[in-house]
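Observations on chain architecture
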Amino acid sequence: MTFVSKKIISISILLVCSGLAQNSLDDQYNYAKSLFDQEKYFDAITESKRLLFFDEQKLYGFEANMLIGLSYKAGAKYNEALKYFVLSEVNSKNDEQLFNSVILSARTNILRRTTQQSEKILNSLLANPKYFNRTKEIKYWLGWNYMFSNKWEKASEIFSEENLDSSLAAICRSVVNESYNENFAKYSSYIIPGFGQFYTGEYLNGLISLGWNVLLGYLTINSFVEDRIFDGIITGNFLWLRFYIGNTKNAEKFAKEKNLTIINNALERLQYDFNGSKP
Amino acid sequence: MKVLLFQIIISAAVLAQNINFNSPENIRLFADFLFCDRDYLRAIDEYEKYLSYSDEDTIRFKIALAFSAIGDQYNAIKNFNSLQETSKLYQISRIEELKSLFNLKQFSQLNSKANELNQLKSDYSDIAKKIVNLSYLLNNESMPSEKIFLEPFDVQEKTIVQNFYFQKTNPDYKSEVLAGVYSAIIPGLGKIYTENYSDGITSFLLTGLFSYLAYTNFNNDHPVRAWIFTLAGAGFYAGNVYGSIASAQIFNAKINFDFINDVYSFIEEKKYFIPEYDFCK
């Protein structure tokens with residue numbers, strides 16, 4: 001009986017003591033978390049690093065690294081954030097924690113515009129049967145990844161699948177519908193100078209382009225007709241050809257500029273009007 | 001049994017020690033970790049916290065080093081200067097101050113501080129001389145003789161530094177006047193002289209072409225076109241002379257830019273000749 005009670009006492013002492021040690025780490029974690037919640041990211045990182053430094057048994061390896069990663073991400077320091085999300089992935093204790101770390105890595109890569117990397121991460125998650133029940137979430141971020149890599153059609157398709165997000169699908173569709181075909185703008189101007197400018201709504205530029213090309217074309221051809229070969233070559237080479245090529249480049253430039261405006265407007269809507277989860 | 005129980009209680013007590021994250025020892029340990037992890041901004045904060053418990057020269061020195069590492073040279077100098085002459089880190093802190101002054105391009109102050117160090121007959125006098133001599137390469141003061149300039153450097157360093165000395169005293173500049181004159185005689189030649197070959201050939205061809213067009217049009221009684229081509233040719237000719245002078249200026253600016261970069265790369269690679277610290281070993 002005495003032996004049993006001594007055993008119980010020893011175990012209790014051990015438990016209480018190790019509990020006490022953990023409590024101080026717990027307090028430290030809560031302190032770091034509260035700083036993060038107050039958006040004091042620099043201090044949150046310091047206190048999380050302090051926690052990691054004194055947590056010799058790595059009890060808070062996942063949580064502290066995750067907090068540091070999130071703080072860096074909130075401060076737009078994406079390279080540093082990625083490093084700590086990878087560390088939190090290494091220190092994860094279950095599939096849920098692993099998933100959250102990997103998703104955050106993908107989201108940070110989207111923000112960092114390393115979209116190929118995030119696509120690779122998200123596709124590997126999609127292929128993992130362990131995360132079959134998280135498919136919707138993975139596809140949601142894949143859709144965001146497509147938007148940031150300028151693949152609006154693919155993004156629209158993925159958001160439309162199983163009604164993943166109808167508002168995002170609508171934004172993507174509007175970008176696809178409003179966008180100008182840059183190749184069409186360029187090559188149509190090869191056939192009729194100024195046509196590409198008309199196509200992109202730049203009517204005055206289109207008329208000017210057409211006028212110059214007609215005038216210089218006439219002067220060139222007229223020179224050849226009147227046997228002024230040298231004049232024809234000079235006018236054709238230095239003037240007409242320059243305006244002709246310039247007209248096609250100009251049409252392409254307008255299409256690109258207009259598309260950029262459309263995309264920027266869509267991104268602005270996403271930033272200010274969209275209330276769902278963002279990378 | 002009693003011994004075992006006692007052992008368990010002692011071990012548990014050790015285990016259970018509630019970590020005091022803000023004890024001076026722990027602040028210092030954490031600060032050292034941050035310093036070695038190159039998280040200098042946080043390390044400075046922690047070291048400054050530690051200083052409120054215990055004023056130590058090593059900590060002040062590390063704060064200064066951290067400021068220097070993040071490029072805040074003014075605060076670095078301020079902290080290096082806070083070390084007393086009696087400190088064992090005093091002399092090395094003077095060298096670190098020279099490094100900061102070098103980075104701030106405050107060469108005259110660097111010179112006078114190095115002289116003070118030499119008068120102290122410091123162990124680091126040679127390093128000070130090296131930094132001062134390299135600073136001559138970056139300012140407009142007259143260069144010392146080659147012998148004096150090379151004196152503090154060791155055999156390996158001498159080869160590179162001698163080359164720097166030669167480049168500084170005999171820069172491979174192109175004459176702006178010569179470039180202009182060359183282009184006035186043969187259009188484009190000035191640009192070729194400044195190693196801007198494609199522009200040189202283009203200038204030659206265009207000026208030649210317009211001159212030819214002007215000449216043939218005058219010959220064939222097309223005075224209007226002839227004058228247009230003459231004006232265009234004259235414009236190209238004048239532009240080519242002006243462009244050659246500009247090209248020589250750009251060439252010289254590039255020589256200066258590359259030279260300054262090379263000197264900085266060399267001194268950075270040599271870590272300002274300062275021996276490595278054992279703080280993070």
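Residues numbered from 1 in each chain as written. Chains lettered and ligands numbered in written order. Predicted model: local features only at pLDDT ≥ 70, side-chain atom pairs only at ≥ 80, totals over all residues. Heavy atoms only, no water.

Residue and element names in this part refer to chain A. Within the structure shown, the criterion is met by 1 cavity of 30 Å³ or more. In this structure, the largest cavity encloses a volume near 30 Å³. Taken together, Lys136, Lys139, Ile158, Glu161, Glu162 and Leu164 make up the lining of the largest cavity. A breakdown of the residues in the lining of the largest cavity according to their chemical character gives 2 nonpolar, no polar and 4 charged. (1 Å grid on protein atoms, 1.4 Å probe; cavity = no way out; pocket = protein on both sides within 12 Å on 5 of 7 lines; lining within 4 Å. Points joined across faces, edges and corners; volume = space filled by probe spheres on them. Nonpolar A, V, L, I, M, F, W, Y, C, P; charged D, E, K, R; others polar.)

Moving on, we come to a nonpolar patch on the surface. Residue and element names in this part refer to chain B. Taken together, Val177, Leu178, Val181, Tyr182, Ile185, Ile186, Leu189, Ile192, Tyr197, Ile201, Phe204 and Leu205 make up a surface patch of nonpolar side chains, about 1100 Å² in accessible area. Put simply, the parts of the chain that give the nonpolar patch at least two residues each are helix 11 (176–185), helix 12 (189–193) and helix 13 (197–219). In terms of residue count, helix 11 provides more of the nonpolar patch than any other element does, 5 residues in total. Among the secondary structure elements, isoleucine 185 is positioned in helix 11. (Patch = residues over 30% accessible without salt bridge, like charges linked within 9 Å, V, L, I, M, F, W, Y side chains within 5 Å. Areas by Shrake-Rupley, 256 points an atom, 1.4 Å probe, with all protein chains shown as cover. Salt bridge = Lys/Arg side-chain N within 4 Å of Asp/Glu carboxyl O. Helix = DSSP H or I, 4+ residues; strand = E, 2+ residues; numbered from the N terminus.)

Residues and elements named next belong to chain B. When we look at burial in helix 11, the residues that qualify are Ala179, Gly180 and Ser183. Projection of helix 11 onto a plane perpendicular to its axis shows the buried side chains occupying an angular sector of 95°, all on one side. Projecting away from the buried face of helix 11 at angles above 90 degrees are the exposed residues Val177 and Ile185. Along its buried surface, helix 11 packs onto helix 12 and helix 14 (223–269). With a side-chain oxygen lying 3.4 Å from the backbone nitrogen of valine 177, the N-terminal cap of helix 11 falls on serine 175. (Buried < 20%, exposed > 50% of the residue type's maximum accessible area, 1.4 Å probe, protein only. Arc of directions from axis to C-beta. Contact = heavy atoms within 4.5 Å. Polar contact = N/O pair within 3.5 Å; in protein donor to acceptor, adjacent residues only side chain to side chain.)

What follows is about the pattern of salt bridges. Under the defined criterion, the tally for this structure stands at 27 salt bridges over all chains. The salt bridge involving B:Lys254 is made with B:Asp258; its shortest N-O contact spans 3.0 Å. Of this pair, B:Lys254 and B:Asp258 are both found in helix 14, 4 residues apart, which corresponds to roughly one turn of the helix. A relative accessible area of 31% means that B:Asp258 is categorised as partly exposed. One continuous salt-bridge network, built from bridges that share partners, spans A:Glu47, A:Arg50, B:Glu46 and B:Lys49.

So, about the packing of aromatic side chains. When we look at a pair of aromatic rings, we describe it by the centre distance and by the angle of the planes. Taken as a whole, this structure holds 41 aromatic pairs over all chains when the rule is applied. Every member of this aromatic cluster is reached through a ring pair, and the members are B:Phe35, B:Tyr40, B:Tyr47, B:Phe61, B:Phe80, B:Tyr277 and B:Phe279. The ring of A:Phe243 has A:Arg242 sitting right over it, with the charged end atom 5.2 Å from the ring centre. Sitting over the ring of B:Tyr193, B:Lys174 keeps its end group 5.2 Å from the ring centre. (Phe/Tyr/Trp six-rings, centres within 6.5 Å; stacked < 30°, edge-to-face > 60°. Lys NZ or Arg CZ within 6 Å of the ring centre and 35° of its normal.)

Moving on, we get to the nonpolar core. Residues B:Ile95, B:Leu98, B:Phe102, B:Leu110, B:Ile131, B:Leu134 and B:Phe273 are the most contacted members of the largest nonpolar core, which totals 66 residues. A total of 7 residues in this core trace back to one element, the largest contributor, which is helix 4 (residues 57–69) of chain B. Counting 32 residues, the second-largest nonpolar core is a separate cluster that includes A:Tyr146, A:Phe148, A:Ile262 and A:Leu270. (Core = buried A, V, L, I, M, F, W, Y, C linked by side-chain atoms within 4.5 Å.)

Attention shifts here to the packing of helix 6 (residues 90–103) of chain B against helix 7 (residues 107–119) of chain B. Residues and elements named next belong to chain B. Packing of helix 6 against helix 7 brings their axes to within 9 Å, and their N-to-C directions diverge by 165°. When the axes of helix 6 and helix 7 are compared, the pair comes out roughly antiparallel. Crossing geometry of helix 6 relative to helix 7 is assigned as left-handed. On helix 7, the residues touching Gln91, Arg94, Ile95, Glu97, Leu98, Leu101 and Phe102 of helix 6 are Phe107, Gln109, Leu110, Lys113, Ala114 and Leu117. (Axes fitted to C-alpha atoms, helices over the stretch in contact; angles between N-to-C directions. Parallel < 35°, antiparallel > 145°, perpendicular 65-115°, else oblique. Left-handed = near helix turned anticlockwise from the far one by under 90°.)

Next up on the list: the environment of B:Ala76. Residues and elements named next belong to chain B. One can find alanine 76 in helix 5 (residues 73–81). On the accessibility criterion, alanine 76 (0% relative accessible area) is buried. Excluding residues that lie within four positions of it along the chain, alanine 76 makes contacts with Ala64, Phe67, Ser68 and Ser100.

What follows covers helix 3 (residues 61–74) of chain A. Residue and element names in this part refer to chain A. With 14 residues, helix 3 extends 20 Å from end C-alpha to end C-alpha; this agrees with the ideal 20 Å at 1.5 Å per step. Burial of helix 3 is extensive: 11 of the 14 residues sit out of reach of the surface. Here helix 3 has its buried residues at Gly61, Phe62, Ala64, Asn65, Met66, Leu67, Ile68, Gly69, Ser71, Tyr72 and Lys73. One or two residues past the end of helix 3 sits alanine 76, with phi positive at roughly 60°. (Expected span 1.5 Å × (residues − 1).)

Moving on, we come to the confidence of the model for chain B. Averaged over all residues, the pLDDT of chain B is 90; the fraction at 70 or higher stands at 94%. Ranking the elements of chain B by mean pLDDT puts helix 1 (residues 2–16) of chain B last with 53 and helix 11 of chain B first with 96. (pLDDT = per-residue confidence, 0-100.)

On to the side chain of B:Ser183, then. Residue and element names in this part refer to chain B. With respect to the secondary-structure elements, serine 183 resides in helix 11. Among the polar contacts listed, one links the side chain of serine 183 to the backbone nitrogen of glycine 190, at a separation of 3.0 Å. Among the polar contacts made by the side chain of serine 183, one reaches the side chain of asparagine 240 at a distance of 3.1 Å. Those residues within four positions of serine 183 in sequence are excluded, and the remaining contacts are Gly188, Leu189, Gly190, Lys191, Tyr237, Asn240, Val241 and Ser244.

What follows concerns the packing of helix 4 (residues 78–90) of chain A against helix 5 (residues 95–111) of chain A. Residue and element names in this part refer to chain A. Where helix 4 contacts helix 5, the two axes come as close as 8 Å, and the packing angle between them is 165°. As the angle between them shows, helix 4 and helix 5 are arranged roughly antiparallel. Helix 4 and helix 5 meet at a crossing whose hand is left-handed. In contact with Tyr78, Ala81, Leu82, Phe85, Val86, Ser88 and Glu89 of helix 4, helix 5 contributes Leu98, Ser101, Val102, Leu104, Ser105, Thr108, Asn109 and Leu111. Here the residues of the contact of helix 4 with helix 5 are counted per class, giving 9 nonpolar, 5 polar and 1 charged.

All names here are of chain A. Each assigned domain of chain A is listed with its residue range as follows: domain 1 (25–152) and domain 2 (182–270). The straight-line distance from the C-alpha centre of domain 1 to that of domain 2 is 49 Å. With 5 residues of domain 1 at the contact, the number on the domain 2 side is 4 residues. Inspection of the domain 1/domain 2 interface yields 0 salt bridges. Class assignment of the residues belonging to the side of domain 1 that touches domain 2 gives a composition of 3 nonpolar, 1 polar and 1 charged. (Domains from an automatic or database assignment.)

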